Amino acid sequence: MDFLTSLINSMPGAVAQGLIWGIMAIGVYITYRILDVADLTVDGSLGTGGAVCVVLVLNGVPVGVALVAATLAGMLAGLVTGLFHTACGIPAILAGILTQLALYSVNLRIMGTGTGGGKANLPISVDKYSLLVSARYVRKLALNNPILVLVIFCAVLIGVLYWFFGTELGCSLRATGANQHMARAQGINTNITIVLGLMVSNGLVALAGGLLAQYQGFSDINMGRGAIVIGLAAVIIGEVVFGKIFRNFALKLTAAVIGAIIYYIVMNFVLRMGLSTDDLKLLTALVVAIFLTIPYWKGKYFTKTPVKKGGKDNA
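Reference entry: report on the structure contained in this document. (Residues numbered from 1 in each chain as written. Predicted model: local features only at pLDDT ≥ 70, side-chain atom pairs only at ≥ 80, totals over all residues. Heavy atoms only, no water.)

**Structural notes on the overall build of the protein chain**
Rules: In DSSP terms, a helix is any run of H or I states spanning at least four residues, a strand is any run of E spanning at least two, and both are numbered starting from the N terminus. Radius of gyration here is computed from C-alpha atoms only, and the compact-globule reference equals 2.2 Å multiplied by the residue count raised to the power 0.38. With a 1.4 Å probe rolled over the protein chains alone, any residue whose accessible area is under 20% of its type maximum counts as buried; one over 50% counts as exposed, and the rest are partly exposed. What makes two residues a contact is simply this: any of their non-hydrogen atoms within 4.5 Å.
Looking only at helices and strands, the protein chain has 11 helices and two strands in total. Moving toward the C terminus, one meets the helices and strands of the protein chain in the order α-α-α-α-β-α-α-α-α-β-α-α-α. Computed over C-alpha atoms, the radius of gyration of the protein chain comes to 21 Å, within 12% of the 20 Å expected from 2.2 N^0.38 for 315 residues, which places it in the range of a compact globule. With respect to the three principal axes, the spread of C-alpha positions in the protein chain is 75 × 60 × 35 Å. Sorting the 315 residues of the protein chain into buried and exposed places 46% on the buried side. Of the contacts formed within the protein chain by residues at least 6 apart in sequence, a portion of 74% connects residues at least 24 apart.

Below you can see the structure in the form of structure tokens.
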């Protein structure tokens, strides 16, 4: 009975965190599925968004402006990765690692603004500042409940992205990910679209970082560590669960958000069963591995081989 009560009490927090990480998962979806680029910048840009947002709010900047600045900082990180890849010829995965590595020092500098040195942790209190979301109100039936705010936030964001990827520029970005050679043959500058895709992706990741820092009440230098794995988990879970149902592009983005929520619900369920938080990374890896394996096993063992009229296999 205590287990069930504890699990139910943890659900609002799991949903709220899932919605925040769902925004980050949309960013991962853009590079992983649309652009077909392996980008590891997100482990750094998430922390960059959190650091920029918290520092600006602490210095009296309105939270809305702080979130915009965090998004722009993430886009700048994506720009650096994109230039490493397109202008310097560095493979995308290595370009992301280089930017992520550099962002560790950059984030320390950002959080040390006005203190004379780098800070690994920067707290911010909802009592002193008007934050957009806070874990304190996650169980309250009120307009400032972060779940309500984040649902609206995600809906608007998905709508904007659905519109953007329907424009000529957005279609060029999608064409680049589908077939770069064909895209270039159609007159598309694929280097520009790759850089743009990385900027949009990391901008969304940094936006999620700004929201996460507000929600948990602090920005931390390690808050983005392992973010790419959580983002991939959300994308893959969403595809496995809703892949056959959600065909529309907007619904695919929604599936990534729901995948993040499912991920955090599963995490809370397992932790309430007594698993140590020290094993959380191991559990995350196992969840991702399982959901990656399901489509493969389904196609290999549960799909019937097409048979010709004469009764012989097409093979």
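Text resumes after the structure shown.
**Considering the packing of helix α5 (residues 146-164) against helix α10 (residues 249-272)**
Under the convention used in this document: Only the stretch in contact is used when a helix axis is fitted, and all axes are lines through C-alpha atoms; the angle between N-to-C directions ranges over 0 to 180 degrees. Handedness of a helix crossing follows the sense of rotation of the near helix relative to the far helix, less than a right angle counterclockwise being left-handed and clockwise being right-handed. Put simply, Ala, Val, Leu, Ile, Met, Phe, Trp, Tyr, Cys and Pro go in the nonpolar bin, Asp, Glu, Lys and Arg in the charged bin, and everything else, Gly too, in the polar bin.
The geometry of α5 relative to α10 is characterised by a closest axis approach of 9 Å and an angle of 145° between their N-to-C directions. Handedness of the α5/α10 crossing: right-handed. Between α5 and α10, the contacting residues are Cys154, Ile158, Leu161 and Tyr162 on the first element and Phe249, Ala250, Leu253, Thr254 and Val257 on the second. Of the residues belonging to the contact of α5 with α10, the class tally is eight nonpolar, one polar and no charged.

**Some thoughts on a nonpolar patch on the surface**
Definition in use: A residue counts toward a patch only above 30% relative accessible area and without a salt bridge, and it is joined to like-charged neighbours within 9 Å or, for Val, Leu, Ile, Met, Phe, Trp and Tyr, to nonpolar neighbours within 5 Å. All accessibility values rest on the Shrake-Rupley procedure with a 1.4 Å probe; residue burial counts only the protein chains present in the view. Definition used for salt bridges: Asp or Glu carboxyl oxygen within 4 Å of a side-chain nitrogen of Lys or Arg.
Together, Leu143, Leu148, Ile152, Val156, Val160 and Trp163 make up an exposed nonpolar region whose accessible area comes to about 650 Å². Here Leu148 lies in helix α5.

**What to know about the packing of aromatic side chains**
Quick reminder of the rule: Note on aromatic contacts: the rings of Phe and Tyr and the six-membered ring of Trp form a pair at centre separations within 6.5 Å, being stacked when their planes are under 30 degrees apart, edge-to-face when over 60 apart, and tilted otherwise. Throughout this description, the term charge over a ring refers to an Arg CZ or Lys NZ atom that lies within 6 Å of the ring centre and within 35 degrees of the ring normal.
Taken as a whole, this structure holds five aromatic pairs when the rule is applied. Between Phe164 and Phe165, the aromatic rings sit 5.1 Å apart at their centres with planes inclined by 75°, giving edge-to-face as the arrangement. The burial state of Phe164 is the same as that of Phe165; both residues are buried. Among the aromatic side chains, those forming a connected cluster through ring pairs are Trp21, Tyr263 and Tyr264. Here the guanidinium or amino end of Arg174 rests over the ring plane of Phe249, the centre of that ring lying 4.8 Å away.

**Considering the environment of Asn202**
Note the threshold: Here a polar contact means two N or O atoms within 3.5 Å. Within protein one must be a hydrogen donor candidate and the other an acceptor candidate, and residues neighboring in sequence count only if both atoms are side-chain atoms.
Relative to the assigned elements, Asn202 resides in helix α8 (residues 190-216). What makes Asn202 buried here is its relative accessible area of 0%. As a C-alpha pair, Asn202 and Thr71 span 131 residues in sequence and 7.8 Å in three-dimensional space. Apart from the residues lying within four places of it in its own chain, the contact partners of Asn202 are Asp39, Thr41, Val42, Ser45, Gly74, Met75 and Gly78. Of note is the side chain of Asn202, whose polar atom sits 2.9 Å from the side chain of Ser45.

**So, the side chain of Asn107**
Tracing the sequence through the fold places Asn107 in helix α4 (residues 92-111). Apart from the residues lying within four places of it in its own chain, the contact partners of Asn107 are Gly44, Gly47, Thr48, Ala51 and Ile221.

**Observations regarding a positive patch on the surface**
To be explicit about the condition: Only four residue types enter the charge count, namely Lys and Arg as positive and Asp and Glu as negative; His and the chain termini do not. Lys charges are placed at NZ, Arg charges at CZ, Asp charges at CG and Glu charges at CD.
A cluster of like positive charges, contributed by Arg174, Lys244, Arg247, Lys252 and Lys298, occupies part of the molecular surface. If you trace the backbone, Arg247 turns up in the loop between α9 (227-242) and α10.

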